[in-house]
Amino acid sequence: MRFKGDGLDVAARSDVGRVRKENQDFMGFFQHGPRRLLVVADGMGGHSGGYEASRIAVARIGQHFQESRQDPDLLLAEASRLAHEAVVAGARRSTRLAGMGTTVVMGLLQGDTAWIGHVGDSRAYLVRAGEAERLTRDHTQVNRMVDAGLLAEEEAENHKMGHVLDRSLGSDTQPRMDLHEGVRLHAGDRLVLCSDGFSNMVPDTELAEIFQARDLDQAVQRGIGVALLRGGPDNTTIGAVQIGELAAPGQDHQRFVRAAVTAVVALLVGLLLGLALG
């Protein structure tokens, strides 16, 4: 998927991987007035359950986004609630879908600000100036143990239960969505949303390097390719949004030099005026 317009460049791709027979990830990009919404979901549960769950969730989130006039934080929370209810209702309609669920990560953009909502272990990153900042924290049982002081961060990194979710849409109880609000965006920033089929295979430092590619779609393609080269054990989905244009190589340095020269000139003019008036 590719979209360009309104100062944004959007690229998204999904791959079934080298092990799974079905792609249970799903993604969507929606527009409504001045707002844009990118969604990535990673389904789970039985034969075709995860496939259905991720698609139900993304469709319900997109529907609410296009109908709602709520503030972004309330909109994302309500979209998460409605998507959960839709997945639960879908599971009740068919025994083959019993127990299905899905993660979700949503990035809502309006002007130069982003709001991130998520449930589960699908992630959002902000890539800026060659560095990647993780904007979400995985909702896993291992992270809950870390938060409770029962496990050290170092022990959690490769824990055998690291993939067991603590929250998901479609679970027995309404999951709480975490919100990262008011993320100020600068020209050249890239917001990256992904399923764990990518984040489990690529450390944050390498993700930052991948998304230094000049072309956003090529960066997304490369990310999918890296996951596949490392075995592709899971479905892999990446959606990315670029705000404005990337600075050309050396452009940031040129801007710094120009700003410094301007400041020096202003200082000299001030001194000369001071001497003349004195």
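Here's what I pulled together on the structure shown here. Owing to the predicted nature of the structure, the values given are computational and were not obtained by experimental measurement.

With 24 residues, the main nonpolar core has L37, V39, I61, L76, V104, M106 and L108 as its most contacted residues. With six residues, the top contributor of residues to this core is helix 2 (residues 72–93). Those residues in contact with V104 that sit more than four places away from it in its chain are V39, V40, A41, I61, G117, H118, V119 and L169.

A full pass over the atoms with the stated rule returns one aromatic pair. Relative to F29, the ring of F3 lies with its centre 5.2 Å away and its plane at 45 degrees, an arrangement referred to as tilted. With F3 in strand 1 (residues 2–5) and F29 in strand 3 (residues 25–32), this pair connects stretches of sequence that are 26 residues apart. Accessibility classification places F3 together with F29 in one group, the buried group.

Relative to the assigned elements, Q242 resides in strand 11 (residues 236–243). The exposure class of Q242 is buried, given its relative accessible area of 5%. In terms of polar contacts, Q242 uses its side chain to reach the backbone carbonyl oxygen of G244, at 2.9 Å. In this structure, Q242 is in contact with G7, L8, D9, D189, R190, R214 and L216, ignoring residues within four places of it in sequence.

The tally for this structure, following the rule as stated, stands at 17 salt bridges. The partner of E78 in a salt bridge is R81, with the nearest N and O atoms 2.5 Å apart. Residue E78 and its partner R81 are located together in helix 2, separated by three residues, close to a single helical turn. When its relative accessible area of 22% is taken as the criterion, E78 is described as partly exposed. Under the relative-accessibility criterion, R81 is labelled partly exposed at 29%. The partner of R128 in a salt bridge is D189, and the shortest N-O contact between them spans 2.6 Å. Of this pair, R128 sits in strand 7 (residues 123–128) while D189 sits in the loop between strand 9 (178–184) and strand 10 (190–194), placing them 61 residues apart in sequence.

Criteria and cut-off values
- Residues numbered from 1 in each chain as written.
- Predicted model: local features only at pLDDT ≥ 70, side-chain atom pairs only at ≥ 80, totals over all residues.
- Heavy atoms only, no water.
- Core = buried A, V, L, I, M, F, W, Y, C linked by side-chain atoms within 4.5 Å.
- Buried < 20%, exposed > 50% of the residue type's maximum accessible area, 1.4 Å probe, protein only.
- Helix = DSSP H or I, 4+ residues; strand = E, 2+ residues; numbered from the N terminus.
- Contact = heavy atoms within 4.5 Å.
- Phe/Tyr/Trp six-rings, centres within 6.5 Å; stacked < 30°, edge-to-face > 60°.
- Polar contact = N/O pair within 3.5 Å; in protein donor to acceptor, adjacent residues only side chain to side chain.
- Salt bridge = Lys/Arg side-chain N within 4 Å of Asp/Glu carboxyl O.

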